[in-house]
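Working through the structure, step by step
Chain by chain, the residues:
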Amino acid sequence: MTVRSAACPNCGATIEFRWSSAVQTVCPYCKAVLVRRDLDLTKVGTVSDLPPTSSPIQLGTEGRFGPDGFVVVGRIIYAYERGGWNEWHLRTTGGISAWLSDAQGELAVSTPAKSAAELPTAESLRVGQSYAIDGLLFTVASLTRARYAGVEGELPFESWNRSDALFADLDGEGDEPRFATLDYSDDAPVAYVGTYVELEQLSPRNLRRFEGW
Amino acid sequence: MSAPAVASLSCSQCGAAIELRTLDQAQSVVCASCGSILDARDPNLHLIQAFEARQKFTPQIPLGTRGTLKGEKWEVVGFQVRRATIDGTSYDWEEYLLFNPYKGFRYLTQYDGHWNDVQVVKAAPKELTSGRQPLVILHGETFKHFQSSNAETVFALGEFPWQIRVGDRAVTRDFVAPPRMLSEEQTPDETTWSLGTYLPAAQIWEGFALPGNPPRPRGVYANQPSHYRPMVGSLAKRYLLLAAIVIAIGALRFVSASRAVVYTSPVSFFRPGQAPESLAFVTPTFTVKGRTANLEVATEAQLDNGWAFFEYALVNEATGATYEFGRDLSYYSGRDSDGNWTEGSKRDRAVLPSVPAGPYFLRVQPQAEVTAPFLEYRIIVRHDVPIATPYLICLALLALPPIFVAFRAWGMESARWKESDYASGSGSDDSDGSDSDSDSDSDDD
């Protein structure tokens, strides 16, 4: 069953879900992190104020990628030693979760890999090694240990129990700038495959507005 | 509601106000008043590096300036001066970091008045290592290796999406395909490629509303587009067209000229050694008809190792108008170690331009020095003869612009490559994707 709205167990405010099957959301009023267990929302923590971002994307931004429309329903902020990036959680009209990453203004859209072939363990990962993902060859370009630095909106999984995780960035071959990411947040690694995009390619609506821009 | 575009903080070292224009993307920020490099991701802005630059530099586009480049709005948020040291000489260039929250980052570089609009490329180009001069290919375009060097940051101002430090070093390789340039920067941490496009300084002055005029660029820059090279081909084509027209007109003239023989002297002899005055004579009157045209006086003398000089006066019997001219003829022949040789000619033609119709006679006064006892000669006068010289001069003059432009194009390419790792005494071929004709294969150390 789907729930379109619910009351925040912490402050009582009405929370409208953009995506009815979200596993986790953050109350926009009291910043309580809420996890859906059975039919109830349970508060598992509170997020502190998010650092100001220059990302033009925000919750509620809509656009198109390929044949599908999407709406931005959540965000995870990752931070690592030399920087950070935003992963915006997209809910597509095709019914899947996709991720729009914004790293220093470089945008990329990725989706979970279709064919979950055997992925290397975190211990066996080496820069320069190549792996076939979804029938394409990718080479490990860098390994980053990043921490969850903030969260907002609706996510397809619980993030609250996560402190840091290993990410592998892989470069594809060919003229199309493809890339893949291996995410070791969970017990089993998850592969995402994506392409770099320009903001205009997404025909975005409801972008953030910045003073003077 | 619009989000604030800046975060206001204060310097942890001197207390001066600091604004972060790129918000969470800034990783380091340089205090404009004390020069300290601070960690922009730390709310307390802790110190990364105290002011160390030996020299102060002033950006030509002040930080915070907003302008328009190629139709897009950009704000200058960072500025660094980088230095390459080649053979003990240092070369400084400027790098401006531009930001737009909807577009990300972009750079402007400036060296000796030459500007480039630079963006990071996501896909590394393919490299071909065959031959002396490496080539890289990006999106089907071939770039030729120009120079390898080291870049050191010597001054920084503003904010950067990486932790900048004075003294940062990178190994660089530049590849050119004017007006574009692909640059590789290697640090121990990463390799990045960026694509620059040569930008006339006037576009920056106009786009950022800078006062005055941009400094004149000096020399030829690695990826500066050549004005001349694209012109060479079209000028050559135009020359061929004009030459064809000139030749067609000449051919028409050649067939349409009447070449009317108006006078032929009998075969005449004279004995050299006589007093010249006594040899002088006057021809019978002949009539020149038709339109005003040139008149050819042809002299044929059966010279054999000797010379002759004919002093002519063409006199219009009706008006008294006189054309005086002298003609030299000489013909020598012999045999030496190289075989038979001859010098000079037994024939001569003088062409008088624009001779109107009318009754004329020639006064002729020959002189000669010959080995034979007699000199046999004859004079033939023709009206309206075709002559090639003006057409040849015309063809030569028409060839001057393409030759001049080709020379300038060659000069520009040779000035361009003189600054490269492939500098040699002569110019460089550069129109195709093959190796340059340089004889230097020096690379970075």
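Residues numbered from 1 in each chain as written. Chains lettered and ligands numbered in written order. Predicted model: local features only at pLDDT ≥ 70, side-chain atom pairs only at ≥ 80, totals over all residues. Heavy atoms only, no water.

The next point concerns unusual backbone geometry. All names here are of chain B. Following proline 178, the chain continues to proline 179 via a peptide bond in cis, the omega torsion being 5°. With respect to the secondary-structure elements, proline 179 resides in the loop between strand S14 (169-177) and strand S15 (180-186). A positive phi angle, close to 50°, is found at leucine 45, a residue other than glycine. Mapping leucine 45 onto the fold places it in the loop between strand S4 (37-39) and strand S5 (47-49). Positive phi outside glycine occurs at aspartate 112, with the angle close to 50°. Along the chain, the position of aspartate 112 falls in the loop between strand S9 (104-111) and strand S10 (114-121). (Helix = DSSP H or I, 4+ residues; strand = E, 2+ residues; numbered from the N terminus.)

The subject of this paragraph is the packing of helix H2 (residues 229-256) of chain B against helix H4 (residues 389-418) of chain B. Following both chains from N to C, one finds H2 of chain B and H4 of chain B inclined at 175°, their axes separated by 9 Å at the closest point. When the interaxial angle is binned, H2 of chain B and H4 of chain B end up roughly antiparallel. (Axes fitted to C-alpha atoms, helices over the stretch in contact; angles between N-to-C directions. Parallel < 35°, antiparallel > 145°, perpendicular 65-115°, else oblique.)

Moving on, we come to the environment of serine 115 of chain A. The topology assignment puts serine 115 of chain A in the loop between strand S10 (106-112) and strand S11 (130-133). In sequence terms serine 115 of chain A and glycine 135 of chain A are 20 residues apart; their C-alpha atoms lie 8.2 Å from each other.

Looking at chain A as a whole, its pLDDT mean stands at 88, while 97% of the residues score no less than 70. Across chain A, element-level confidence peaks in strand S6 (residues 62-65) of chain A with a mean pLDDT of 94 and bottoms out in strand S1 (residues 5-7) of chain A with 87. (pLDDT = per-residue confidence, 0-100.)

Attention now goes to the nonpolar core. Residue and element names in this part refer to chain B. Grouped together as the largest cluster of nonpolar side chains are 33 residues, with contacts concentrated most on Ile61, Leu69, Leu108, Trp115, Ile204 and Phe208. Where this core is concerned, the elements lending two or more residues are strand S7 (72-86), strand S8 (89-100), S9, S10, strand S13 (141-160) and helix H1 (201-207). Among all residues touching phenylalanine 208, those that are not within four sequence positions of it are Ile61, Thr65, Arg66, Gly67, Leu69, Trp74, Val76, Leu98 and Leu108. Ranked by size, the runner-up nonpolar core spans 29 residues in total, among them Leu329, Tyr331, Leu375 and Tyr377. (Core = buried A, V, L, I, M, F, W, Y, C linked by side-chain atoms within 4.5 Å. Buried < 20%, exposed > 50% of the residue type's maximum accessible area, 1.4 Å probe, protein only. Contact = heavy atoms within 4.5 Å.)

Residues and elements named next belong to chain A. An order of S3-S4-S5 is seen for the three strands of this open sheet, with the pairing classed as antiparallel. Looking at the sheet topology across the chains shown, the edges are occupied by strand S3 (24-26) and strand S5 (40-46). On average, each strand axis in the sheet is tilted by 30° relative to the strand beside it, whichever way the strands run. With six bridges joining them, strand S4 (residues 32-37) and S5 adopt antiparallel strand pairing. Along S5, the bridge assignment pairs alanine 32 with threonine 46. (Pairing = 2+ DSSP bridges.)

Time to look at the pattern of salt bridges. Residues and elements named next belong to chain A. Inspection of every chain in the model, using the stated rule, returns 27 salt bridges over all chains. Here glutamate 62 ties to arginine 205 by a salt bridge, and the two come within 2.8 Å at their closest N and O atoms. Remark: arginine 205 occurs in the segment after strand S15 (190-197) and glutamate 62 occurs in strand S6; sequence separation between them is 143 residues. Residue classification places arginine 205 among the partly exposed residues on the basis of a relative accessible area of 47%. (Salt bridge = Lys/Arg side-chain N within 4 Å of Asp/Glu carboxyl O.)

A few words now on H4 of chain B. Residues and elements named next belong to chain B. Between the first and last C-alpha of H4 there are 42 Å, a value that for 30 residues agrees with the 44 Å anticipated at 1.5 Å per step. Of all the bends in H4, the greatest reaches close to 30° and is centred on leucine 400; the proline proline 401 follows between one and four positions later. For H4, every residue scored as buried is listed here: Leu395, Ala399, Pro402, Val405, Ala409, Met412, Glu413, Ser414, Arg416 and Trp417. Buried residues belonging to H4 abut S13, S14 and H2. (Expected span 1.5 Å × (residues − 1). Bend = angle between axes of the 7 residues up to and from the residue.)

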